Each structure stands twice: as C-alpha cells, then as structure tokens.
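These are the residues of each chain, in order.
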Amino acid sequence: MKKFAFVNDAAEREYKDLPDKIQDEFGKDLRRIQFDEEPRLPITHLDSIGAGVIELRKNGSPAFRCIYIAKYLDMVVVLHAFAKTTNGVDRQAMKVAEQRLKELLAEIKKTH
C-alpha cells in the first residue's frame, strides 16, 4: 500500500475546506490509488505540470478538482484541491500545483 500525504499545510487546508461529500468521494478514490486500484471518478493526466500528475474531476456546479501525484517514494501526494468556477483551464490552480510539485521534488532531492 502506498502512503498518503498532503504536499504542505495549505494543500491539506484546501482539501478540508471542500464540502464533506466531495472530500468523501475524493478520499475514496485516493484510497483506491493507495492500493494500486483505478479511481472511479474521471481523471485527467496533467503532463503539462509534470510527469505523473493527475487530476480527479467531480463535475457539477461548482465543479471540484483534486490534483495529486503517485509517482515518487511509494506515496500518493495531494498537491492541490479546489472548487472550479471557470470553464476551461484554471490557470491559477495549475500554477499552484506546478509550484507545489517543484517544492516536493526539491524536498525529495534533499532527503534522498
């Protein structure tokens, strides 16, 4: 089983700020991913952010997204979670996820 973590406190706060029902759905899929199972929600590979970065999608009004990576250290790491209020790509959210991935990779380099 893969370990689970948030990349930082801000990512954990964002996740916990999502409605309970959404947290529950994302949580069940993140748990499936920990056990190397396929998530039930639709996913998008965000290779533009980094190899192995994946977005769980819950559509609706508003829509919700949870961006994670499960490629390193046998861990599932949540980079960003947010309510999506725009059509198309949420550029600010992608910037946040990209920055947090850079921080994660720098941390991995330091400790391994």
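These numbers come from a predicted model, not from an experiment. (Residues numbered from 1 in each chain as written. Predicted model: local features only at pLDDT ≥ 70, side-chain atom pairs only at ≥ 80, totals over all residues. Heavy atoms only, no water.)

### Points about the packing of aromatic side chains
The relative placement of two aromatic rings is captured by the distance of their centres and the angle of their planes. Which entries qualify depends on this criterion: In this scheme Phe, Tyr and Trp rings, the latter by its six-membered ring, pair at centre separations within 6.5 Å, and the angle between planes marks the pair as stacked below 30 degrees, edge-to-face above 60, and tilted otherwise.
All chains considered together, the criterion is met by two aromatic pairs. Relative to Phe-6, the ring of Phe-4 lies with its centre 5.2 Å away and its plane at 85°, an arrangement referred to as edge-to-face. When the centroid spacing of 5.4 Å and the interplanar angle of 55° are considered together, the rings of Phe-6 and Tyr-15 count as tilted. Through pairs of rings, three or more aromatic residues link up here, namely Phe-4, Phe-6 and Tyr-15.

### Focus on the pairing of strand β3 (residues 53-58)
Selection rule: For two strands to count as paired, DSSP must find a minimum of two bridges between them. Numbering of helices and strands runs from the N terminus, with a helix taken as a DSSP run of H or I at least four residues long and a strand as a DSSP run of E at least two residues long.
In this sheet, β3 lies alongside strand β2 (residues 43-45) in antiparallel orientation, the contact comprising three bridges. Looking across to β3, one finds that Ile-43 is bridged to Leu-56. Two strands pair when backbone bridges link them, and β3 and strand β4 (residues 63-69) are joined in this way by six bridges, in the antiparallel orientation. Its bridge partner being in β4, Lys-58 is matched across the sheet by Phe-64. Hairpin connection from β3 to β4: four residues lie between these consecutive antiparallel strands, with Gly-60 at a positive phi of about 155°.

### With respect to the side chain of Glu-55
To be explicit about the condition: Think of it in three bands: with a 1.4 Å probe and only protein chains considered, a residue is buried below 20% of the maximum accessible area for its type, exposed above 50%, and partly exposed in between. Residue contacts are counted whenever heavy atoms from the two residues lie within 4.5 Å of one another.
With respect to the secondary-structure elements, Glu-55 resides in strand β3. Here Glu-55 falls in the buried class, since its relative accessible area comes to 7%. Those residues in contact with Glu-55 that lie beyond four places of it in its chain are Pro-42, Ile-43, Thr-44, Leu-46, Arg-65, Cys-66, Ile-67, Phe-82 and Met-94.

### Topic: helix α2 (residues 20-34)
To keep it simple, the criterion reads: Helix span is expected to be 1.5 Å times the residue number reduced by one.
Between its terminal C-alpha atoms α2 stretches 20 Å, which fits the 21 Å expected from 15 residues at 1.5 Å a residue. Burial in α2 covers these residues: Ile-22, Gln-23, Phe-26, Asp-29, Leu-30, Arg-32, Ile-33 and Gln-34. Among the structural elements, β1 (3-6), α1 (9-17), β3, β4 and β5 (75-84) are those in contact with the buried residues of α2. Immediately beyond the C-terminal end of α2, within one or two residues, lies Asp-36, with a positive phi of roughly 60°.

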